[in-house]
Amino acid sequence: MAVTFNIQFRISVATKVIRLTDTSTGFTYGKGCFKVEFPNGVVRNLPDFSAPDISTAGNYIDIPCEVDASGNVVTGSYIISYAVINNLSAGQTPLVRTFDFNWVEPANGITNFSDVITPEVVFKDLTS
């Protein structure tokens, strides 16, 4: 029985979520619940298995990211725990992953170095 999951940060102007996808194999799937410890100390606890995050193998859940005062995703050390209940047994099989997430919002890199304020537009008529 191999309990695994993928982590994907989906960050845009409108969306800031962590997508956690179950990739477990080798057992009859039951239910799965995630616990996320953010770098700023906020903890998203494991939900009750009566309303699990994952109820079918291969499913995913989007968990909102914590943001700082500027609206940027909190960077630093994340701890994500994933507990799974097998359909054949009542025991939980936990998996914990720890990683550092560092991200800087991209800045506009377009720079105008021209010395012309108003562009010159010329129309050339080549009709005979």
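In the block above lies the structure referred to throughout.
Residues numbered from 1 in each chain as written. Predicted model: local features only at pLDDT ≥ 70, side-chain atom pairs only at ≥ 80, totals over all residues. Heavy atoms only, no water.

A.B. asks: Could you give an account of the pattern of salt bridges, with specific residues and numbers?
C.D. replies: A complete count under the given rule lists three salt bridges for this structure. Between Asp 62 and Arg 19 there is a salt bridge, with its nearest N and O atoms 2.8 Å apart. On the criterion of sequence distance, the pair formed by Asp 62 in strand S5 (residues 60-64) and Arg 19 in strand S2 (residues 16-22) is long-range, its members being 43 residues apart. Salt-bridge contacts for Arg 44 lead to Asp 53; the nearest nitrogen and oxygen are separated by 2.9 Å. (Salt bridge = Lys/Arg side-chain N within 4 Å of Asp/Glu carboxyl O. Helix = DSSP H or I, 4+ residues; strand = E, 2+ residues; numbered from the N terminus.)

A.B. asks: How would you summarise the side chain of Asp 22 if you had to cite specific residues and measurements?
C.D. replies: Note on placement: Asp 22 falls in strand S2. As a buried residue without a salt bridge, Asp 22 has its nearest oppositely charged side chain in Arg 97, at a separation of 9.7 Å. Here the side chain of Asp 22 touches Ser 24 through a polar contact of 2.8 Å, side chain to side chain. A distance of 3.1 Å separates a polar atom in the side chain of Asp 22 from the backbone nitrogen of Gly 58. (Buried < 20%, exposed > 50% of the residue type's maximum accessible area, 1.4 Å probe, protein only. Lys, Arg positive; Asp, Glu negative; His and termini not counted. Polar contact = N/O pair within 3.5 Å; in protein donor to acceptor, adjacent residues only side chain to side chain.)

A.B. asks: Which residues make up the nonpolar core, and what values do they have?
C.D. replies: The biggest cluster of nonpolar side chains holds 19 residues, and the ones touching the most others in it are Ile 18, Leu 20, Phe 34, Val 36, Ile 63, Tyr 78 and Tyr 82. Elements with a minimum of two residues in this core: strand S1 (5-11), S2, strand S3 (29-37), S5 and strand S6 (76-86). A per-element tally of this core places S6 first, with four residues. Not counting the four nearest positions on each side in its chain, Ile 63 is found in contact with Val 17, Ile 18, Leu 20, Phe 34, Val 36, Phe 38 and Arg 44. (Core = buried A, V, L, I, M, F, W, Y, C linked by side-chain atoms within 4.5 Å. Contact = heavy atoms within 4.5 Å.)

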